[in-house]
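# Per-entry structural report
Here are the chains, one letter per residue:
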Amino acid sequence: MINLHAIDIWQQLSVILDGAMAAILGSIIGWERDRAGKSAGPRTMALVGSAAATVVAIGAILDVNAKFGDPTRALHAIITGIGFLGAGLIFTDKSGGIQGVTTAATIFATAAVGVCVGLGFQVVGVGFTIIILTVLRSTQFLEVALRRAEEADEEDEPKKKKSH
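A brief structural summary.

Cut-offs and rules
- Residues numbered from 1 in each chain as written.
- Predicted model: local features only at pLDDT ≥ 70, side-chain atom pairs only at ≥ 80, totals over all residues.
- Heavy atoms only, no water.
- Helix = DSSP H or I, 4+ residues; strand = E, 2+ residues; numbered from the N terminus.
- Buried < 20%, exposed > 50% of the residue type's maximum accessible area, 1.4 Å probe, protein only.
- Contact = heavy atoms within 4.5 Å.
- Areas by Shrake-Rupley, 256 points an atom, 1.4 Å probe, with all protein chains shown as cover.
- 1 Å grid on protein atoms, 1.4 Å probe; cavity = no way out; pocket = protein on both sides within 12 Å on 5 of 7 lines; lining within 4 Å.
- Points joined across faces, edges and corners; volume = space filled by probe spheres on them.
- Expected span 1.5 Å × (residues − 1).
- Polar contact = N/O pair within 3.5 Å; in protein donor to acceptor, adjacent residues only side chain to side chain.
- Patch = residues over 30% accessible without salt bridge, like charges linked within 9 Å, V, L, I, M, F, W, Y side chains within 5 Å.
- Salt bridge = Lys/Arg side-chain N within 4 Å of Asp/Glu carboxyl O.
- Core = buried A, V, L, I, M, F, W, Y, C linked by side-chain atoms within 4.5 Å.

This part covers the overall build of the chain. On a plain count of helices and strands, the chain comes out with five helices and two strands. In the chain, the order of α-helices and β-strands from amino to carboxyl end is α-α-α-β-β-α-α. Out of the 164 residues belonging to the chain, those deemed buried represent 29%. Relative to all contacts within the chain whose residues are 6 or more apart in sequence, the contacts with residues 24 or more apart total 63%. Accessible surface, the chain: about 10,600 Å² in total, of which carbon and sulfur atoms supply 66%.

Below is the structure:
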């Protein structure tokens, strides 16, 4: 059995640093969502990222120190928890449309950033954060451009009917 009071102070500090780094990366992702007017902002994403990092980092330390166990158990717990959190964000609006899917997916991706950082893949966590921001930002620009093009087509259609 592992004596939990014997965990090295440096290991504990590394968990704190991983949690802080994941919180910063998560808050950057959340800032983008907040800027887009979405419900889950910097605080939510910072908490998701830091919690994921902390859980897997502690799980990895306990696995190494106890010389038994499976560090993927922490990953399973995070995936399950984030699934429930994400499901709570997805809803159907009055017009029958579905909303919140991108926010739920972003929360899942932010948890993955936290997992990367918590398992010692800090560079991967930063890189994945950049990928997430690129996807969110670039697709938002495309959506706005497509919406404007559709609106322009709708405005031109009455003019075309009158000229015929």
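Having put the structure on the table, let's press on.
Right, let's get into the layout of surface pockets. In this approach the atoms are scanned with a rolling probe the size of a water molecule, which exposes any empty space left behind. Considered as a void within the structure, the largest pocket measures approximately 360 Å³ in volume. Lining the largest pocket are 17 residues; nearest its centre among them are R33, K38, G100, T102 and T103.

Under the 1.5 Å per step criterion, the end-to-end length of helix α1 (residues 9-35) is 39 Å for 27 residues, consistent within 8% with the ideal 39 Å. Those residues of α1 lying buried are V15, D18, G19, A22, L25, G26, I29, G30, E32 and R33. By the N-cap criterion, in which a side-chain oxygen at the helix start approaches the backbone nitrogen of a residue two or three places on, α1 is capped by D8, the distance to W10 being 2.9 Å. Note on α1: the residue one or two positions beyond its end, G37, has a positive phi of about 80°.

So, on to a nonpolar patch on the surface. Side chains of I9, W10, L13 and I16 sit close together on the surface and give an oily, nonpolar patch of about 450 Å² of accessible area. Mapped onto the elements, I16 comes out in helix α1. Look at I16 and you get exposed, because its relative accessible area is 55%.

It is worth spelling out the nonpolar core at this point. Among the nonpolar cores identified, the biggest contains 11 residues, and these are A40, M45, V48, A52, V56, A74, I78, I82, I107, A111 and V115. Of all the secondary-structure elements, those providing two or more residues to this core are α2 (42-66), α3 (72-89) and α4 (101-118). Sort the elements by how many residues they give to this core and α2 lands first, with four residues. By size, the runner-up hydrophobic cluster in this structure holds nine residues, among which are A22, L25, I29 and I132.

Applying the stated criterion to the full structure yields two salt bridges. In this structure, R33 and E32 form a salt bridge, with 3.7 Å as the shortest nitrogen-oxygen distance. Exposure remark for R33: the relative accessible area of 5% places this residue in the buried category. Relative accessible area serves as the criterion here: at 3%, E32 is assigned to the buried category. Linking E32 and R137 is a salt bridge whose minimum nitrogen-to-oxygen distance equals 2.7 Å. Of the two residues, E32 is situated in helix α1 and R137 in helix α5 (residues 122-163); the sequence distance between them amounts to 105 residues. Note on accessibility: E32 and R137 belong to one class, buried.

As a further point, take the environment of V55. When you line up the elements, V55 lands in helix α2. Relative accessible area serves as the criterion here: at 39%, V55 is assigned to the partly exposed category. For the pair formed by V55 and A74, sequence separation is 19 residues and the distance between their alpha carbons is 6.4 Å. The contacts of V55, once residues within four sequence positions are left out, are A74 and I78.

Relative to the 26 Å expected for 18 residues at 1.5 Å per residue, α4 spans 26 Å between its end C-alpha atoms, a close match to the ideal helical length. In terms of burial, α4 is largely enclosed, as 13 of its 18 residues are buried. Two residues or fewer after α4 comes G120, characterised by a positive phi angle close to 95°.

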